[in-house]
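Architecture at a glance
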Amino acid sequence: MRFLRRFFSRLRNSTIRRQQDKRMQEEIAEHLALQTAENLRAGLAPAEARRQAMLKFGAVESMKEEYRAERGMLFIETLVQDIRFALRMLRK
Amino acid sequence: MKQKQKTDVQQGTLALMVLKTLDVLGPLHGYGIARRIEQISRDLLAVNQGTLYPVLLRLEQEGAIASEWGPSENNRRARFYRMTRAGHKLLEAEKRDWEQTAAIIARFLEVKARDLA
């Protein structure tokens, strides 16, 4: 019985965490869009406006997007995610 | 260990600035808060605005601020934050703490050797 309670509690927590992550991601995306728009108004070219916005936001986001821009790496990243997901499902 | 403490101090200071900004200007979204803090701190927080969002989440979990979706300037949606009553109380308490700390440090900085003889 306790095992079941703990399971649902963990499920609820992980669901809440996922929702929070999703919300934060959307907020961050909008923040970057607003900063990019500001940079465009200041006269920067679109690509530079976006780059400056991400630099200003912090190293993590710049790095993540530069990383994702590499198509080859993107394929591997997706593959790794799929494998990890499959392993998690198997463990359950 | 030292590195972790430094981050904690900065987060605490940032939380205080968020509360004061919302207190003075009313509801704002994350970008708006970041810009105002930038202005007030004279660009001390021009970089790493990314640290703002975990702070906002934590303040909301603590009940100091509340949030809801609203339209952004881009005609998309943004999360707008506002103070709660608990947030006002927290801001007052933090303000007193800082003033007290500043007063104590000021006394120490003014002390001369003969005062302690």
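As a starting point, this report considers the structure included with it.

How each quantity is defined
Residues numbered from 1 in each chain as written. Chains lettered and ligands numbered in written order. Predicted model: local features only at pLDDT ≥ 70, side-chain atom pairs only at ≥ 80, totals over all residues. Heavy atoms only, no water. Helix = DSSP H or I, 4+ residues; strand = E, 2+ residues; numbered from the N terminus. Buried < 20%, exposed > 50% of the residue type's maximum accessible area, 1.4 Å probe, protein only. Axes fitted to C-alpha atoms, helices over the stretch in contact; angles between N-to-C directions. Parallel < 35°, antiparallel > 145°, perpendicular 65-115°, else oblique. Contact = heavy atoms within 4.5 Å. Patch = residues over 30% accessible without salt bridge, like charges linked within 9 Å, V, L, I, M, F, W, Y side chains within 5 Å. Areas by Shrake-Rupley, 256 points an atom, 1.4 Å probe, with all protein chains shown as cover. Salt bridge = Lys/Arg side-chain N within 4 Å of Asp/Glu carboxyl O. Lys, Arg positive; Asp, Glu negative; His and termini not counted. Charge placed at Lys NZ, Arg CZ, Asp CG, Glu CD. Buried area = accessible area lost by both parts, 1.4 Å probe. Polar contact = N/O pair within 3.5 Å; in protein donor to acceptor, adjacent residues only side chain to side chain. Nonpolar A, V, L, I, M, F, W, Y, C, P; charged D, E, K, R; others polar. Phe/Tyr/Trp six-rings, centres within 6.5 Å; stacked < 30°, edge-to-face > 60°. Lys NZ or Arg CZ within 6 Å of the ring centre and 35° of its normal. Pairing = 2+ DSSP bridges.

1. Quick notes on the overall build of chain A
The number of helices and strands found in chain A is four helices and zero strands. Traced from its N-terminal end to its C-terminal end, chain A shows the element sequence α-α-α-α. Residue burial in chain A is summarised as follows: out of 92 residues, 24% are buried.

2. Thoughts on the packing of helix α1 (residues 2–41) of chain A against helix α2 (residues 30–40) of chain B
Here α1(A) crosses α2(B) at 55°, and the two axes come no closer than 9 Å. For the element pair α1(A) / α2(B), the angle class is oblique. Residue-level contacts link H31(A), L34(A), Q35(A) and E38(A) of α1(A) to G30(B), Y31(B), A34(B) and R35(B) of α2(B).

3. Thoughts on a positive patch on the surface
All names here are of chain A. On the surface, a cluster of positive charge is contributed by R18, R84, R88, R91 and K92. At three residues, helix α4 (residues 71–91) tops the list of elements feeding residues into the positive patch. Relative to the elements of secondary structure, R18 occurs in helix α1. Overall, the relative accessible area of 55% leaves R18 in the exposed class.

4. Here's the deal with the pattern of salt bridges
A complete count under the given rule lists twelve salt bridges over all chains for this structure. For R35(B), the salt bridge goes to E38(A), with nearest N and O atoms at 3.3 Å. Taken together, the residues span two chains, with R35(B) in helix α2 and E38(A) in helix α1. Note on R35(B): relative accessible area 25%, which makes it partly exposed.

5. Quick notes on a nonpolar patch on the surface
On the surface, a nonpolar cluster with roughly 660 Å² of combined accessible area is contributed by M1(A), F3(A), L4(A), F7(A), F8(A) and L11(A). One can find F8(A) in helix α1.

6. As for the interface of chain B and chain A
Each partner contributes residues to the interface: chain B has 26 residues there, and chain A has 17 residues. When the buried area of chain B at its contact with chain A is split by residue, Y31(B), Y53(B) and L57(B) rank highest and sum to 33% of it. If you look at where chain B meets chain A, you find five salt bridges. Run the count over chain B and chain A and you get nine residue pairs in polar contact (both at pLDDT 80 or more). When its residues are assigned to classes, the side of chain B that touches chain A shows ten nonpolar, nine polar and seven charged.

7. Things to note about the packing of aromatic side chains
Taken as a whole, this structure holds one aromatic pair over all chains when the rule is applied. It is R77(B) that lies over the ring of W69(B); its NZ or CZ is 3.7 Å from the centre.

8. A look at the sheet that holds strand β1 (residues 28–29) of chain B
All names here are of chain B. If you walk across this open sheet you meet the three strands as β1-β3-β2, and the pairing is antiparallel. The open sheet has two edge strands, β1 and β2 (65–71), and neither has a second partner. Where β2 meets strand β3 (residues 77–83), seven bridges bridge the pair, whose relative direction is antiparallel. Following the sheet pairing, S67 is matched in β3 by Y81.

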